[in-house]
Amino acid sequence: MAPKVTGGLLLHQAFPPGSLDFFIQFSSSGQFARLTGQASYAASNAFLDAHARHRNTTNTRDSLSISGLLLSYHASLPQAHDRWADYKRRKKAKA
């Protein structure tokens, strides 16, 4: 659990919200499987998902957490598309 959480927090400090065009974290949907002995694995993946949501509360919308499960990946595609559209609008506005 510590490497994912620590890594996510260190990257958050190194690249505060709004400093990058995209901040993508890859987690897993293991927190939904409820497998015995996987509590820390599930907790760290849930942290990455929550961390991306937290970064987006700054109105920058630059963060995304993509889960490994195909169903979760497809659920995140509209969100990724929205991020890309926001990025293109910001780039156009700066030009």
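Residues numbered from 1 in each chain as written. Predicted model: local features only at pLDDT ≥ 70, side-chain atom pairs only at ≥ 80, totals over all residues. Heavy atoms only, no water.

Participant: Account for the packing of helix H1 (residues 2-14) against helix H2 (residues 39-55), with residues named and values stated.
Facilitator: A pair of packed helices is captured by two measures, namely the crossing angle of their axes and the spacing between those axes. Relative orientation of the contacting elements H1 and H2 amounts to 20 degrees, with a least axis distance of 9 Å. Looking at the two axes, H1 sits roughly parallel to H2. The chirality of how H1 crosses H2 is right-handed. Here Lys 4, Val 5, Gly 8, Leu 9 and His 12 of H1 lie close against H2, whose contacting residues are Tyr 41, Ser 44, Asn 45, Phe 47, Leu 48, His 51 and Arg 55. (Axes fitted to C-alpha atoms, helices over the stretch in contact; angles between N-to-C directions. Helix = DSSP H or I, 4+ residues; strand = E, 2+ residues; numbered from the N terminus. Parallel < 35°, antiparallel > 145°, perpendicular 65-115°, else oblique. Left-handed = near helix turned anticlockwise from the far one by under 90°. Contact = heavy atoms within 4.5 Å.)

Participant: How would you explain the pairing of strand S1 (residues 23-26) if you had to name every residue and give the values?
Facilitator: Covered by surrounding structure in S1 are Phe 23 and Gln 25 only, the residues Ile 24 and Phe 26 on the alternate face being uncovered. Relative to strand S2 (residues 63-66), S1 is paired through four bridges, and the arrangement is parallel. Residue pairing across strands places Phe 23 opposite Ser 63, the latter belonging to S2. (Buried < 20%, exposed > 50% of the residue type's maximum accessible area, 1.4 Å probe, protein only. Pairing = 2+ DSSP bridges.)

Participant: Report on the packing of aromatic side chains, specifying residues and quantitative values.
Facilitator: Taken as a whole, this structure holds zero aromatic pairs when the rule is applied. A cation sits over an aromatic face here: Arg 55 above Phe 23, 3.9 Å from the ring centre. (Phe/Tyr/Trp six-rings, centres within 6.5 Å; stacked < 30°, edge-to-face > 60°. Lys NZ or Arg CZ within 6 Å of the ring centre and 35° of its normal.)

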